[in-house]
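Observations on chain architecture
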Amino acid sequence: MPTKRTLLSPFGLAALGVLSLGVTTLAVPAAHAQHDAQTYLSQKGLDFIAQEAPSYLPKVLQPPAYDLALGCMDLQQRDTVIAIDVDNMSLTMPEDGRIRVELTFHGSASGELYIDDIYACFGEVTCQDTVDVRTGTAIFEYDIMVSNGDADVVTRSTYFNVKEEDFKFDVHGCAIDDALNSVVDFGEEYFINYLEAKIGGFAEERIGPMLEDMLGGFVYEGSLSLASYKAELRDMEFTEGGLSMKIDADIVDRFAPAPCVEAYDRGGPGDLEGIAPVLTGPKAHHANMTFNLGLVNKGLYTFWRRGLLCLTDQHVESLGVALDLNMVGALLPGFPPGTEFSFEFTLKDYPNIRPHDSDHSQVTFHLAGVNIDLHGDRPDGTRNTLHVEVDMAATATIGINPANNSIFAHLDNARILRMVMEDERKAVGEGFDVARISQMVHDHILPSLLDQVGPVPLTGPAFSFGSYAAILGEMTTNDAYMSAGVDLFKIPENDTSAPDTAIVDYPSMVVSPRNAIVHVQGSDDEIPFELLQYQLTVDGET
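Before going into details, it helps to say that this report is about the structure given with it. (Residues numbered from 1 in each chain as written. Predicted model: local features only at pLDDT ≥ 70, side-chain atom pairs only at ≥ 80, totals over all residues. Heavy atoms only, no water.)

**Observations concerning a nonpolar patch on the surface**
Taken together, the side chains of Ile503, Tyr506, Val518, Leu536 and Val538 define a hydrophobic patch exposed on the protein surface, amounting to about 480 Å² of accessible area. Looking at the secondary structure, you find Tyr506 in the loop between strand S23 (500–505) and strand S24 (519–523). On the basis of relative accessibility, which here comes to 55%, the residue Tyr506 falls in the exposed class. (Patch = residues over 30% accessible without salt bridge, like charges linked within 9 Å, V, L, I, M, F, W, Y side chains within 5 Å. Areas by Shrake-Rupley, 256 points an atom, 1.4 Å probe, with all protein chains shown as cover. Salt bridge = Lys/Arg side-chain N within 4 Å of Asp/Glu carboxyl O. Helix = DSSP H or I, 4+ residues; strand = E, 2+ residues; numbered from the N terminus. Buried < 20%, exposed > 50% of the residue type's maximum accessible area, 1.4 Å probe, protein only.)

Below, the structure written as structure tokens:
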């Protein structure tokens, strides 16, 4: 099998990026279930691929010398250079399980024709010859099959045609009057046969691997620091002029659970119940992807399982979130002035999300069994610990922020569903008011956290790979799936014109570094605004 190039890596890259949203570390336990993901490559996407596919074909051919004995003459075509330009290429699906590639081309050639024993079986002559192909057609058909989680592309048939009126062969620079017809017949037959064989060979050597590469852009495997991941093709069908693929996504943890959660580990989640959204239609992007959010829940489960959500106040502070524990202690009885506070945070169950049926990718995070131990080390050396178990829910929006061209997650609100204090009767006797504490969390702690966190950029909406970019166009959710539309863009090789840029918003007074935010925007004749990058110089430093 020839080495594959990666024409459609932006598809695979975008798919991986979308499947990773909300999953900072991808990993699941050894006992795992595959998760549903689907991709629809629209006719517009196929057209984009067809426009770029000619880069897989060589523009210049240099065939070796060719010898032929014709009567008593010996002919040799040598030093031949053939130039081929593809005028148009299209990808269509004439029936289920089959792809047709049709290309039209034109070309020219030049070379040297050496003829020995040309004059009554004596003498020799060297001629120059040229070829002009005004237009030609080649059609390749392939059978597409799913085998062992990948797509197999098998050449079914090839067709090549250059009409007589579109082909011209000339010989000049020599005197071969008596043998002219024989030489012209030789030259025409040689060039037509060579072009037919060579372009027909493209079906097996170039276009077939390109199609496997195209389909392989959605099938991938690899590993991260804590996990390996894999996506396999489950099924494929041709729908509304496009290609629909069903994919099984799987992520496998290679480590044992962390001691702080090992006793609570009951195994990872499966897919959420629900129907995958329809990806086809007139508004479909080049590539359209959807995945069951059970995959994200599995990532969150792994994050929890590895102990990465067993936190202390030092962990939270290192994340840039400041909690005024002294204010909390001042509101609670049993903690005299001068008490030093700390806390430990663990979860008895992994966080999980449920999507909303929304055009804005809204989800609700559920955190059940949140154990919080607030420690107060009194000035006299004694310690008082307040143990609280809480169930919480937070609503978040995942989308594209046009202000900074990033995929973001924004916590919209958070609420306490249940709060239980250890030995609550004793705590009440000591002056703890559970209702008051719950209200304090609602009114002070949670709003403070939400204000500090704000919109969290997850990534930019454009995933670039080499000379291609995949631009994330929209994100939506239903009751079980998150979906994204992706459009492809070929980055120009020689873009020398500068974009128009402007600063649209900036602080009007002295502010803290945290609030020193400058908003910019730009436009360009060749580059979409999502791909523009900005450079800011302050006091001579970039």
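**Considering the environment of Asp87**
As for its position among the elements, Asp87 is in strand S4 (residues 73–95). Residues Asp87 and Thr137, 50 residues apart in the sequence, show an inter-C-alpha distance of 10.0 Å. Side chain to side chain, Asp87 and His106 meet in a polar contact 2.8 Å long. (Polar contact = N/O pair within 3.5 Å; in protein donor to acceptor, adjacent residues only side chain to side chain.)

**Structural notes on the pairing of strand S3 (residues 66–70)**
In this structure, S3 lies alongside S4, joined through five bridges in antiparallel fashion. Directly across from Ala69, in S4, lies its bridge partner Asp74. Hairpin connection between S3 and S4: a loop of two residues separates the two successive antiparallel strands, and Gly71 in this loop has a positive phi of roughly 65°. (Pairing = 2+ DSSP bridges.)

**Section: the state of the cysteines**
Counted under the stated rule, the structure contains two disulfides. Residue pairing for Cys127: its cysteine sulfur links by disulfide to Cys174, the two sulfurs lying 1.9 Å apart. Here the disulfide of Cys127 and Cys174 is right-handed, its torsion about the S-S bond being about 105°. Residue Cys127 is found in strand S6 (residues 122–147), and its partner Cys174 is found in the loop between strand S8 (167–172) and helix H3 (180–216); the two are separated by 47 residues along the sequence. Assessed through its relative accessible area of 0%, Cys127 is described here as buried. Paired through a disulfide, Cys260 and Cys310 show a sulfur-sulfur distance of 2.1 Å. As the torsion about the S-S bond is roughly 90°, the Cys260-Cys310 disulfide counts as right-handed. Of the two residues, Cys260 is situated in the loop between strand S11 (242–253) and strand S12 (287–292) and Cys310 in the loop between helix H4 (294–305) and strand S13 (311–312); the sequence distance between them amounts to 50 residues. Residue class for Cys260 comes out partly exposed when judged on its relative accessible area of 31%. (Disulfide = S-S within 2.5 Å.)

**A few points about the pattern of salt bridges**
A complete count under the given rule lists 19 salt bridges for this structure. Residues Arg78 and Glu112 are paired through a salt bridge, measuring 2.7 Å at the closest nitrogen-oxygen approach. Of the two residues, Arg78 sits in strand S4 while Glu112 sits in strand S5 (residues 98–119), which places them 34 residues apart along the sequence. Residues Arg418 and Asp391 are paired through a salt bridge, measuring 2.7 Å at the closest nitrogen-oxygen approach. Of this pair, Arg418 sits in strand S18 (residues 406–421) while Asp391 sits in strand S17 (residues 383–401), placing them 27 residues apart in sequence. Overall, Arg418 belongs to the partly exposed group, its relative accessible area being 30%. Taking the relative accessible area as the measure of exposure, Asp391 reaches 15% and is therefore buried. Members of the salt-bridge network, linked through shared partners, are Glu95, Arg98, Arg100, Glu141, Asp143 and Arg156.

**Topic: the packing of aromatic side chains**
Per the counting criterion, the structure on display carries 10 aromatic pairs. Centre to centre, the rings of Tyr66 and Tyr190 are 5.2 Å apart; their planes meet at 25°, and the pair counts as stacked. Of the two residues, Tyr66 is situated in strand S3 and Tyr190 in helix H3; the sequence distance between them amounts to 124 residues. By relative accessible area, which is 35% here, Tyr66 ends up partly exposed. Assessed through its relative accessible area of 8%, Tyr190 is described here as buried. Between Tyr190 and Phe191, the aromatic rings sit 4.9 Å apart at their centres with planes inclined by 75°, giving edge-to-face as the arrangement. Phe191 sits in the buried class, given a relative accessible area of 2%. By way of ring pairs, the aromatic residues Tyr66, Phe169, Phe186, Tyr190, Phe191 and Tyr194 are connected into one cluster. (Phe/Tyr/Trp six-rings, centres within 6.5 Å; stacked < 30°, edge-to-face > 60°.)

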